[in-house]
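Working through the structure, step by step
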Amino acid sequence: MEALRSASTVTPPKVITAHLSKPLFSLSFTQKRSKSPLLNLTQFTKSKYTKFNVISPSVSTQPAAPPEEETEPDTDEKFNWFSHWYPLMPVCDLDKRAPHGMKVLGLYVVVWWDKNENEWKVFDDRCPHRLAPLSEGRIDQWGRLQCVYHGWCFNGSGDCKLIPQAPLDGPPHVLVFYPSTMQYDIVWFWPSTDPQYKEILSKKKPPYILELAYPSYAFQTYYRDIPYGYEVLIENLMDPSHFQYAHRGIISAKEPR
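Predicted model only: the values in this text are computed from it and were never measured.

Within the open sheet, the four strands sit side by side as β7-β8-β9-β10. Their pairing is antiparallel. Looking at which strands have only one partner, the edges of the open sheet turn out to be β7 (138-139) and β10 (160-162). Taken together, the two bridges between strand β9 (residues 153-154) and β10 define a ladder with antiparallel strand orientation. Within β10, the position partnered with F154 by the bridge is C160.

Written out as structure tokens, the structure is:
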């Protein structure tokens, strides 16, 4: 039986039947009555099989090749920090009359109000001319962002509209700008200049925050620049044991006796 079982996993039954040899031996079964009274208590029915043939196939009994292991696809995707919306600053802390410089995720950006499009814009805080910080510049009378170094002026799309030292038909210069929007009275930006994210606002909006969306909730917004990363801040906020010492006199907390 073991020979038949192992062969059937290697070769189809039709092939085995074609190569079977003659029976090696045969066994006959006859029913005999036992003399033991214990065994005679149970009546066994007579089997309809009276002969059992053991045959040996002439096919190869070499073990089949082991099945190939199925490899699961790698579903672990690395988190891309630069493919998400980030809040920059509450509108109440911004001045439409002047640009504001910030450093977010290691990026130096400038936030300024484009009165021609009635939108807050977020640019790379470097003039393409001599890399002067545009946040040190000004908003001119036509609502353009003007560099403080040589007076180059840029519109809300990042196009240079004026080079005072060059003719108007000079070579084009374009600023690096980031997708931006205003939501919950906060300026948000997408920290990637990849062209595929140019229209990201139409596909993905900043996260929905219930407490900020409904006017029935009361909240307060403020901006604070801290000289360390978010992981240190989160660790600090999740550590209540420092309250009565680091914030003594500000947060009421009982000291241990």
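As a further point, take the packing of aromatic side chains. Throughout the structure, instances matching the rule amount to seven aromatic pairs. Both rings, one in F79 and one in W81, keep their centres 4.8 Å apart while their planes meet at 80 degrees; by these two values the pair is edge-to-face. Taking the relative accessible area as the measure of exposure, W81 reaches 39% and is therefore partly exposed. Seen in terms of ring centroids, W190 and Y197 are 5.3 Å apart; in terms of plane orientation they differ by 45 degrees. Their pairing is tilted. The exposure class assigned to Y197 is buried, which follows from its relative accessible area of 16%. By way of ring pairs, the aromatic residues W85, W190 and Y197 are connected into one cluster.

The rules behind the values
- Residues numbered from 1 in each chain as written.
- Predicted model: local features only at pLDDT ≥ 70, side-chain atom pairs only at ≥ 80, totals over all residues.
- Heavy atoms only, no water.
- Pairing = 2+ DSSP bridges.
- Helix = DSSP H or I, 4+ residues; strand = E, 2+ residues; numbered from the N terminus.
- Phe/Tyr/Trp six-rings, centres within 6.5 Å; stacked < 30°, edge-to-face > 60°.
- Buried < 20%, exposed > 50% of the residue type's maximum accessible area, 1.4 Å probe, protein only.

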